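# Close look at the chain arrangement
Residue-level listing of the chains:
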Amino acid sequence: MATSRTDPLTLDVIELIGDVVARYHEEYDRAAAAHALTGAQARVLGLLSLEPMPMRRIARRLKCEPSNVTGIVDRLELRGLVERRPDPTDRRVKLAAATDEGVSTARQLRDALDFAREPLAELTEAERTLLRDLLRRMLGTDPDV
């Protein structure tokens, strides 16, 4: 049986997801500000601390225009947190990559985010796995689909 988009349970879930997202962004922005970064700069730095990537891929991941990413990377580069380097597989493409200082700053940012970590720690591994799998399914990134 299909669920109505306006049934009380669906509305409650939507409200709770909104609350989680809002609290996450508030904490993320506070953590970023402690490093004199904007939330967007912190998100780009977090992505680049995992792996170097071209501007277009960063923009796709953040769901924004590549020109916005260029400005963010420019500011991070001025701070010594990011550098541009040629893509070893295609020298026509420039990759943005976190510097050692950038990786360290991104780690400090992640470590400062207690909002989700503490409540998640209260869930069992099976509950966290179920939550992860449900969120992936909602986003259409479920590997089993």
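Presented here is a report on the structure given in the accompanying data block.

Reading the values: the criteria
Residues numbered from 1 in each chain as written. Predicted model: local features only at pLDDT ≥ 70, side-chain atom pairs only at ≥ 80, totals over all residues. Heavy atoms only, no water. Core = buried A, V, L, I, M, F, W, Y, C linked by side-chain atoms within 4.5 Å. Buried < 20%, exposed > 50% of the residue type's maximum accessible area, 1.4 Å probe, protein only. Helix = DSSP H or I, 4+ residues; strand = E, 2+ residues; numbered from the N terminus. Contact = heavy atoms within 4.5 Å. Pairing = 2+ DSSP bridges. Expected span 1.5 Å × (residues − 1). 1 Å grid on protein atoms, 1.4 Å probe; cavity = no way out; pocket = protein on both sides within 12 Å on 5 of 7 lines; lining within 4 Å. Points joined across faces, edges and corners; volume = space filled by probe spheres on them.

## Brief notes about the nonpolar core
Core analysis: the largest hydrophobic core is formed by 24 residues, its most contacted members being Leu45, Leu48, Ile58 and Leu76. When residues of this core are traced back to their parent elements, those giving at least two are helix H1 (8-33), helix H2 (39-50), helix H3 (55-62), helix H4 (66-78), strand E2 (90-98) and helix H5 (100-112). The element best represented in this core is H2, accounting for 5 residues. Discounting chain neighbours no more than four positions away, the residues touching leucine 76 are Leu37, Gln41, Val44, Leu45, Leu81 and Val82.

## Focus: the pairing of E2
Where a strand is regular, its side chains alternate between the two sheet faces. Both strand E1 (residues 82-87) and E2 contribute to a ladder of 6 bridges, which runs antiparallel. Looking across to E2, one finds that glutamate 83 is bridged to alanine 97. Between the end of E1 and the start of E2, which pair antiparallel, lie 2 residues.

## So, H4
For H4, which comprises 13 residues, the first-to-last C-alpha distance of 18 Å matches the rise-based estimate of 18 Å (1.5 Å per residue) to within 8%. Summarising the contacts, the buried residues of H4 are in contact with H2, H3, E1 and E2.

## A short note on the layout of surface pockets
In this structure, the largest pocket encloses a volume near 1900 Å³. Val20, Val21, Tyr24, Leu135 and Leu139 are, among the 38 residues lining the largest pocket, the residues nearest its centre. The set of elements that each furnish at least two residues to the lining of the largest pocket consists of H1, H2, H3, H5, helix H6 (114-121) and helix H7 (125-139). If one sorts the elements of the lining of the largest pocket by residue count, H1 sits on top with 10 residues.

## Focus: the environment of alanine 34
Tracing the backbone shows alanine 34 in the loop between H1 and H2. A sequence separation of 62 residues divides alanine 34 from alanine 96, and the C-alpha atoms of the two residues are 23 Å apart.

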